[in-house]
Amino acid sequence: MQKIQREYWGEIEEESNALTPDNYVSTYAKKRKLDEIRQQGDPMPMDKHDKMELKSSLVTQTIEVMKQTEVLQSLIDTYSNTNGSSNYLLNPCQMIPEVDFPPENAADLVSEQKFQKPIWFIPTVDTAYSRGDPQSYPELSSNMCRHAMRKAMCGLLRLAGFTDCSEAAVILLTDAAESFLRSLIAKYRSFYDMDSKLKKMTTLQLVPLEQAYVSKTGTSLTQVHNYYKHKVIARNRTEIAEFDSVLQEYDKLMKESQSSMQKQQLEEQEQQQQHEFNRHEFLNILEMQQGDDNNSSSAAGSNSMSNIVGDMLQELQGGSTDAGGISLSNVANSQQQVLYGLLDGQTGNTSSNMATSSTNYQNNLDT
Amino acid sequence: MVGSNFGIIYHPNAGGSSGQVNPSSGAASSVGGAGSFNAVGDRAAPASHLSDFLLQLEDYTPLMPDAVTAHYLNMGGFHSDDRRIVRLISIATQKFMSDIIDDSLQHSKVRTHMQNSATPGGSKAKDRKFTLTMEDLQPALADYGINVRKMHYSQ
């Protein structure tokens, strides 16, 4: 009877007591290995962080220019009053603040020739890109991808003209983008599977992609060019043109404000000068009067007095003739007589008075 | 405009193609798979246009990073080493989403216009600000075949 040789799984073979050097590691060797590791220094974690940037300079520029236009427009609305197509300063005394937007912000990032000519008229430059040299992309987590897509969606929303968005809508939009990408790639894969040649291939081919895109959206991938030209580039150009026009309008207002401020300052200076001149004139008059008084005070005083009295007399004469009234003429005559009497006896009054007083005094003494 | 003539729509069911015919299939064959595109039928012109377009794609910077597209391509079982096709998918996705957003904006404009016309002394068209809401986004997504269903608890 023949015995069947059986090998049991997990059977422990009886080992001989003599260990070969391959089967054990001596403690001495471990110690040496430890020393080697210590000499190398502490093990550092490998840095696998890759910085991923949303670097569509054209879209970024468009959004920045839109922001700048909004700022300028709000300043124009604050400091001016729009009447028809032209703006007028609300308050000419108020200085409009200067804005500093560097011209690089509105620079033309796209060469004019690139998108004016049809694609087949533009000669292909031999670069690593046009040759299709393979390039590896950094490995990203799904969360990171969703985060990047969310940012991209926010940029697209701003580019389209939305100024605000609800969080739920952005999440939904990100989900929709992810869903589209997944379904497009699944379709792309299905076209690979339909072709026997491509079935086992993993490299990217153009034709199945076009077929997948057409079946998903109903349009060709060449429409992407039209989108980029008419939506992205045209929008960029429109926004830059609008920014330039608003900036010109703001410059005009600022110049107007500066000129009005200068004019106002000149007027103030003139007024100040005028005030100073008037004050000097007033002082001169005072000085002149003081000088006259000093030179001929007595003569002027007598003259002025005689003039005043003469005027009064003329007025009285004129008044009597003009009025022609009996009572007034009588009064005037009596006043005239009194005045003439006063004038005639002005010098001799005191003496006569003194004389009468002295005669009276004499009479009193005599009595 | 020259650019608007570029987009020639390829329909798998339709045999011919509209637009200018470019018989140069050399450029088409330079791109992987374009030869088989010619074999499908009389579609040499779109294939060559597409391959010409693919070579020029370096200047088309997508908003969605290529690394993200490459991630989804890897998940779909592809080896994403061809930058040109990765970029083409990126821009195509951007275009698709941009179309949805434009439709949402139109919905939002109509909605705000209705609200402003209902209230006397509504804001001017210049001062209008548009906020994307679910109300505007859902019908736009539905137009593009993406149906949104709310959970029972949120209805």
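- Under the annotation held in an unreviewed UniProt entry, chain B carries the name GH13140 and is attributed to Drosophila grimshawi.
- Heading Subcellular location (unreviewed entry) of the UniProt record for chain B holds this comment: "Nucleus".
- Quoted verbatim from the Sequence similarities (unreviewed entry) heading of the UniProt record, the comment on chain B is "Belongs to the TAF10 family."

- Looking at an unreviewed UniProt entry, one finds chain A named GH16819, with Drosophila grimshawi as its source organism.

### What about the nonpolar core?
Here is step 1 of the chain: Ranked by internal contacts, the top residues of the largest apolar core, which has 63 residues, are A:L156 and B:L88.
Here is step 2 of the chain: Elements represented by at least two residues in this core include exactly α5 (142–160), α6 (167–194), α7 (206–217) and α8 (223–295) of chain A together with α3 (44–55), α4 (66–75), α5 (83–118) and α6 (134–143) of chain B.
Here is step 3 of the chain: Residue contacts for A:L156: discarding those within four places in its chain leaves B:L63, B:Q94, B:M97, B:S98 and B:I101.

### A few points about the interface of chain A and chain B
Here is step 1 of the chain: Each partner contributes residues to the interface: chain A has 80 residues there, and chain B has 74 residues.
Here is step 2 of the chain: Those elements giving two or more residues to the side of chain A that touches chain B turn out to be α2 (57–79), α3 (112–116), α4 (128–131), α5, β3 (164–165), α6, α7 and α8 of chain A.
Here is step 3 of the chain: Examining the composition of the side of chain A that touches chain B, we find that 13 residues originate from one element, α6(A), more than from any other.
Here is step 4 of the chain: By residue class, the composition of the side of chain A that touches chain B is 45 nonpolar, 26 polar and nine charged.
Here is step 5 of the chain: Note that β3(A) and strand β1 (residues 131–132) of chain B share two bridges and pair parallel. What sits directly across from A:D164, in β1(B), is B:T131.

### Points about the UniProt feature "coiled-coil region" (unreviewed entry) in chain A
Here is step 1 of the chain: Under the present numbering, the feature "coiled-coil region" (unreviewed entry) in UniProt falls on residues 247–274 of chain A.
Here is step 2 of the chain: Helix makes up 100% of residues 247–274 of chain A and strand 0%, whereas the separation of the span's terminal C-alpha atoms amounts to 40 Å.

About the thresholds
- Residues numbered from 1 in each chain as written.
- Chains lettered and ligands numbered in written order.
- Predicted model: local features only at pLDDT ≥ 70, side-chain atom pairs only at ≥ 80, totals over all residues.
- UniProt positions renumbered as here; feature names shortened; annotations may be inferred.
- Core = buried A, V, L, I, M, F, W, Y, C linked by C-beta atoms within 7 Å.
- Buried ≥ 20, exposed ≤ 12 C-beta atoms within 10 Å, placed from the backbone.
- Helix = DSSP H or I, 4+ residues; strand = E, 2+ residues; numbered from the N terminus.
- Contact = placed C-beta atoms within 7 Å.
- Nonpolar A, V, L, I, M, F, W, Y, C, P; charged D, E, K, R; others polar.
- Pairing = 2+ DSSP bridges.

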